[in-house]
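Observations on chain architecture
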Amino acid sequence: MSGYTNPYVLLTFPELGDDVSVLMRNPQLLPPKEITPEDVAVDDKGQPLDPQAANEAMYKVFARVIVAWKVYDAGNSPVEIAQDADPVALFEALDGGSPVDQPRIGAITPENIERLPMRIINRIMEEISRVADPQ
């Protein structure tokens, strides 16, 4: 059988849940255009003038390299929480932080990538950055 070995990278996140994962194309095997974000305006120090535009450009790259995922929408809490709630009592009432029925995030789009937990975004960025700076 010919071809590249390891054409995919499976990222698992056991610290976030038993069944949270992202399957992405191996960035080491992709042409530069697939992992290079579109240009955004930067200041004289190289920092984006519009950080949101820079994020959106990177989310488009993520959408090109992610093949499949099993991720959940943690930002949409199904529980009503009173402003004066006692955090300890609330934690215990919520079964010690056990997962609640969170909806899965649907299609792999830049808009849905924006809804991912920072832990997942950072890990995907690590995989892509490793190609740009292999040290």
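Read on for a plain summary of the structure. (Residues numbered from 1 in each chain as written. Predicted model: local features only at pLDDT ≥ 70, side-chain atom pairs only at ≥ 80, totals over all residues. Heavy atoms only, no water.)

Quick look at a negative patch on the surface
Residues Asp50, Glu56, Glu111 and Glu114 make up a contiguous surface patch of negative charge. Relative to the elements of secondary structure, Glu56 occurs in helix α2 (residues 51-65). Classification of Glu56 by relative accessible area gives partly exposed; the value is 39%. (Patch = residues over 30% accessible without salt bridge, like charges linked within 9 Å, V, L, I, M, F, W, Y side chains within 5 Å. Areas by Shrake-Rupley, 256 points an atom, 1.4 Å probe, with all protein chains shown as cover. Salt bridge = Lys/Arg side-chain N within 4 Å of Asp/Glu carboxyl O. Lys, Arg positive; Asp, Glu negative; His and termini not counted. Charge placed at Lys NZ, Arg CZ, Asp CG, Glu CD. Helix = DSSP H or I, 4+ residues; strand = E, 2+ residues; numbered from the N terminus. Buried < 20%, exposed > 50% of the residue type's maximum accessible area, 1.4 Å probe, protein only.)

Looking at the sheet that holds strand β2 (residues 21-25)
Reading across from one edge, β1-β2-β3 is the order of the three strands in this open sheet, with antiparallel pairing throughout. If you trace the sheet from one side to the other, it starts and ends with β1 (8-12) and β3 (66-70), each paired once. Each strand axis lies, on average, 10° off the axis of its neighbour in the sheet, ignoring direction. Relative to β2, β1 is paired through five bridges, and the arrangement is antiparallel. Across the sheet, Thr12 pairs through a bridge with Ser21, a residue of β2. Taken strand by strand, helix α5 (residues 118-132) contacts β1, β2 and β3, and its axis lies near 25° from that of β2. (Pairing = 2+ DSSP bridges. Axes fitted to C-alpha atoms, helices over the stretch in contact; angles between N-to-C directions. Contact = heavy atoms within 4.5 Å.)

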